[in-house]
Amino acid sequence: MSGISTFWVAHETGQSATGNQIRVQQMAILSRRTPVIFIAVAANALLTGGVAGSVQLPGFALIWTTIMVALSMAGLYRWAVRRRKQSPERVSERGPRRIAIAATLQGTIWGIGCAIMFPIMPGTEQMLIGIVQAGMAAAGASILATLPAASIGYTVGCLLPFAVRLALHDDVLSLSLAAMTLIYTVALLVTARSFYISFIDSVRGRVATERLLTELSAARQDLLDAIASSTEGFALFNSEGGLVVANDRFAELLQLKPEVARSGRTFEDLLKGAHGDISPDWIRSQVARYHACDGQQVVAMPDGRWLGIGHRQAGRGGIVTTLIDLTVFKENEAELIRAKVAAESANSSKSEFLAMMSHELRTPLNAILGFAEIFMNEMFGPHSDERYRIYATDIHEGGQHLLQVINNILDLSKVDAGRFELDVDDCHLGDLADSVVRLMQAKVDEAGLNLVVEAPEDLPTILGDQRVIRQMILNLLGNAIRFTDAGGRITISITAEPSGDQTLTVRDTGIGIAAKDIPRVLEPFGQADAGLSRRQDGTGLGLPLVQSFIALHGGTLDLTSEPGVGTVVTLRFPAGGVTDETANAAT
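Cut-offs and rules
- Residues numbered from 1 in each chain as written.
- Predicted model: local features only at pLDDT ≥ 70, side-chain atom pairs only at ≥ 80, totals over all residues.
- Heavy atoms only, no water.
- Helix = DSSP H or I, 4+ residues; strand = E, 2+ residues; numbered from the N terminus.
- Buried < 20%, exposed > 50% of the residue type's maximum accessible area, 1.4 Å probe, protein only.
- Polar contact = N/O pair within 3.5 Å; in protein donor to acceptor, adjacent residues only side chain to side chain.
- Contact = heavy atoms within 4.5 Å.
- Core = buried A, V, L, I, M, F, W, Y, C linked by side-chain atoms within 4.5 Å.
- Pairing = 2+ DSSP bridges.
- Axes fitted to C-alpha atoms, helices over the stretch in contact; angles between N-to-C directions.
- Phe/Tyr/Trp six-rings, centres within 6.5 Å; stacked < 30°, edge-to-face > 60°.

**Q** Account for the side chain of threonine 484, with residues named and values stated.
**A** Along the chain, the position of threonine 484 falls in the loop between α14 (466-482) and β9 (489-496). Residue classification places threonine 484 among the buried residues on the basis of a relative accessible area of 5%. A polar side-chain atom of threonine 484 sits 2.6 Å from the main-chain carbonyl oxygen of alanine 480. With sequence-adjacent residues up to four places away left out, threonine 484 is seen in contact with Leu449, Arg489, Asp508, Thr509 and Gly510.

So this is what it looks like as structure tokens:
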């Protein structure tokens, strides 16, 4: 059955959606045409049997007529019983197959009977039977066209025996009629095939339309579900301003009364129907924004809440309105602002306190250093005991160390407070490095280290604060001496790059710093080894102070280190040195 159909016209078969829809439509069309088929067969059988029986073989004509009428009445009864049932959504291949067999059988019985009863001699009866035969074949081919096997079986069964009967006669007229019958058969089948092609195309179009409608319906439902479950308020207004759809969150955020949130209401109607004391001026401003479609804005609601209300143009002239509750975010923002202000105030207070304390400490400390120098130099005569001079020396060295710590704290607090001012002048990094080396050479020799300075002779000058740059080199060299064992090497190298930038690098072969500790040592008072048993003293202010100073010069600090290998600190000074813009940006 499906083989004949697909040979006739290639199309989907089996349990596919199109294949099932083809069978459903075949059965539906045949069900509508069944009464016509059976009534026509019965009426033409009576007419043909009566005409043919009056000429020849009346007994055969009676039997044939009875069979055809009985088959027609049985088929009509079966149709009348089954038509009360609801049309099925799925049809198996057995139904069309049974109809094809029945149609082929009925067409063959019709064709054989008419061929036997066809008068040999030309006359009115012969013409009448031929016309009825042609009409029945044409009716069957067209009515059964949606079922190719039935159409082919009925048409061929109806006309082929008739053509064979004519061909058995040797006269030219009979042979010509036989040939015309075969040509007529082919013409009917070609016409039925064209009908079937149109039928298949219509079914395919219907299946595609139903599939598209199903997908659109599913997509629409998914969209509605997404809108309904969204945490944002959503509403769609048509080109006339009437509400099309809105989720529950939209009504909740606007605090709409249930009787207000109905389709067809305008945005202005919704605002007027909201709970709370809403002024007309506020409503007018929001309606103006709605018509302007000015995007998303944060709006203060009259009840103290904050909403993000957005209006955007939709297709076909509509407007999409979205609502977001930003009350919690605004409260968090206000809290963060208060915390930031409090932190800045605390930091400023801390910096001011440290600056004040540093100043207060330096005054008595300078007196202590002065008296210690008097004892060290024996200005009022020699000591009776050498230990007085030794103790005075220890007091002086401790005081100097404390003064350095106080100065570092004071400088760091000034930088944090944005009150550190640079004394900008021409600076030669090589000369500044040499001056620091001369100052620290005694400590280098005492530590048993090898110190090398590498700098080109034609190094250009840059703008900067000589005292600050010298302090940076002094801090870096002091750290290298402090954390490098005897026999180690310290290298200070200065280079000028093609871009005009200059770099000053201090490289040592000391104990190194673990990668995880590098961020800590760049923080004020940070120590890579913070335990009680750490091997070297220090306040942890050297590197943070260097980092702040190089930032004031518009440069950067890069620190790389590996435990057991050493540490490399590189200061990069921008081309030309510090400017007012870089200094202001750093502070």
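**Q** Tell me about the nonpolar core, and please be specific about residues and values.
**A** Across soluble globular proteins, nonpolar side chains have a tendency to be buried as a group. Among the nonpolar cores identified, the biggest contains 43 residues, and Met472 and Phe573 are the most heavily contacted of them. Beyond its immediate chain neighbours, meaning those up to four positions away, phenylalanine 573 contacts Leu429, Ile462, Ile469, Met472, Asp501, Gln502, Leu504, Ile550 and His553.

**Q** Just give me the short version of the sheet that holds β9, but keep the residues and values in it.
**A** Judged by pairing direction, the sheet is mixed, and its five strands sit side by side in the order β7-β9-β10-β12-β11 without closing on themselves. Single-partner strands in this sheet number two, and they are β7 (450-454) and β11 (556-562). Put simply, the sheet's adjacent strands are angled 10° from each other on average, direction ignored. Where β9 lies against strand β10 (residues 502-508), seven bridges are found, and the strand directions are antiparallel. By the bridge assignment, threonine 491 is partnered in β10 with arginine 507.

**Q** How would you explain the packing of aromatic side chains if you had to name every residue and give the values?
**A** A complete count under the given rule lists four aromatic pairs for this structure. On the numbers, 4.9 Å between centres and 55° between planes, the contact of tryptophan 64 with tryptophan 110 is tilted. Here tryptophan 64 is found in helix α3 (residues 58-82), whereas its partner tryptophan 110 is found in helix α4 (residues 94-117), with 46 residues between them in sequence. Given a relative accessible area of 4%, tryptophan 64 falls into the buried group. Summarising the aromatic geometry, the rings of phenylalanine 237 and phenylalanine 267 are spaced 6.1 Å apart at their centres and angled 85° between planes, so their arrangement reads as edge-to-face. Of this pair, phenylalanine 237 sits in strand β1 (residues 233-237) while phenylalanine 267 sits in helix α9 (residues 267-272), and the two are 30 residues apart along the sequence.

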